[in-house]
Amino acid sequence: MASDEVPSPTSILFARGLLARLALWPALRIAVHQNWGGPQSAQKQRWLAGVITDEFEASLPPLSTSFTTLNSAPIHPSHTLPEPDTEYIEAMLLQIMDDEFEVALEDGSAFDVARDAVRLWGDAKEGRDGYVKDLEMQAERMKGKMPQYEVDAGSGSDWEDSDGDEDESGSDGEDYGNDVVPQLLNHAKEVPDTDEDGFTIVKRKGGK
């Protein structure tokens, strides 16, 4: 979106929900907390939300389409793009995590985030904010809970939030505060390993 354009209500509502959903993504939380994207890791998280928002905004009709020609046809019907689908957004998330944070994911969490982004966009277009508020409440509860994990030179690793208490919110929506341990793999795209308790292994590219 151009800097001089005013965001639409749809985009604002969607961005709110997306920022909250990204804040609940364990893989991204670890990458940001550990500064795997460098000193600007936190800014990259917001940038990621902006990039995805731009992709969905491109499917909105431009304001000029509200004006019609004499035969009532839209003036610029070809300026809009198809709405991104889950697979497209998942591919974007995986690529950005790899490029910006040096993390390769094979735990399926990127698909979950992408699916929720598509749902958020559908809700935002209809002006429904229930899911957005639910995600924002969950994200607020996660503030201050630093992801704790152990790394043993490429061997099995576990992590959990420093506050290990069960969430007692009773929300009707999905609770992302207790997501499965993210599986971060290096460039080799190794076969997923699990420890005796069933936790997936956490690795960073390069075995770090």
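Structure: above.
Asker: I keep staring at the packing of aromatic side chains and nothing clicks. Help me out?
Answerer: Aromatic rings in a pair are described by how distant their centres are and how their planes are angled relative to each other. Under the criterion given, the structure shown has three aromatic pairs. Ring centres of phenylalanine 14 and phenylalanine 56 lie 4.9 Å apart, and the angle between their planes is 55 degrees; on these two criteria the pair is classed as tilted. Pair noted here: phenylalanine 14 is in helix H1 (residues 9-23) and phenylalanine 56 is in helix H3 (residues 41-57), with a separation of 42 residues, a long-range link. A relative accessible area of 1% means that phenylalanine 56 is categorised as buried. Centroid distance phenylalanine 56 to tryptophan 121: 5.3 Å. Interplanar angle 35 degrees. Geometry classified as tilted. With a gap of 65 residues between them, phenylalanine 56 in helix H3 and tryptophan 121 in helix H5 (residues 109-126) connect regions that are remote in the sequence. The exposure classification of phenylalanine 56 matches that of tryptophan 121, with both residues buried. Following the ring pairs from residue to residue traces out a cluster consisting of Phe14, Phe56 and Trp121.

Asker: Even after reading the chapter, I still don't get unusual backbone geometry, so can you show me in this structure?
Answerer: Generally, phi is negative for residues other than glycine and the peptide bonds are trans, each holding for most cases. Look at asparagine 35: it is not a glycine, yet its phi comes out positive at around 55 degrees. Inspection of the secondary structure assignment puts asparagine 35 in the loop between helix H2 (26-33) and H3. Here glutamate 102, not a glycine, exhibits a phi torsion of approximately 55 degrees, which is positive. The topology assignment puts glutamate 102 in the loop between helix H4 (86-101) and strand S1 (104-105).

Asker: Please explain the side chain of aspartate 116 as it appears in this structure.
Answerer: Here aspartate 116 lies in helix H5. One polar contact links aspartate 116 to arginine 21, side chain to side chain, over a distance of 2.7 Å.

Asker: Just checking my understanding: could you explain the pattern of salt bridges for this structure?
Answerer: A side chain with one charge can pair with a side chain of the opposite charge if their charged atoms come near. With the rule as written, the count across this model stands at nine salt bridges. Between lysine 125 and glutamate 83 there is a salt bridge, and its shortest N-O distance comes to 2.3 Å. One end of the pair, lysine 125, is in helix H5; the other, glutamate 83, is in the loop between H3 and H4, and 42 residues separate them in sequence. Judged by its relative accessible area of 40%, glutamate 83 falls in the partly exposed class. Between aspartate 112 and arginine 115 there is a salt bridge, with its nearest N and O atoms 3.6 Å apart. Of this pair, aspartate 112 and arginine 115 both sit in helix H5, three residues apart, which is roughly one turn of that helix.

Criteria and cut-off values
Residues numbered from 1 in each chain as written. Predicted model: local features only at pLDDT ≥ 70, side-chain atom pairs only at ≥ 80, totals over all residues. Heavy atoms only, no water. Phe/Tyr/Trp six-rings, centres within 6.5 Å; stacked < 30°, edge-to-face > 60°. Helix = DSSP H or I, 4+ residues; strand = E, 2+ residues; numbered from the N terminus. Buried < 20%, exposed > 50% of the residue type's maximum accessible area, 1.4 Å probe, protein only. Polar contact = N/O pair within 3.5 Å; in protein donor to acceptor, adjacent residues only side chain to side chain. Salt bridge = Lys/Arg side-chain N within 4 Å of Asp/Glu carboxyl O.

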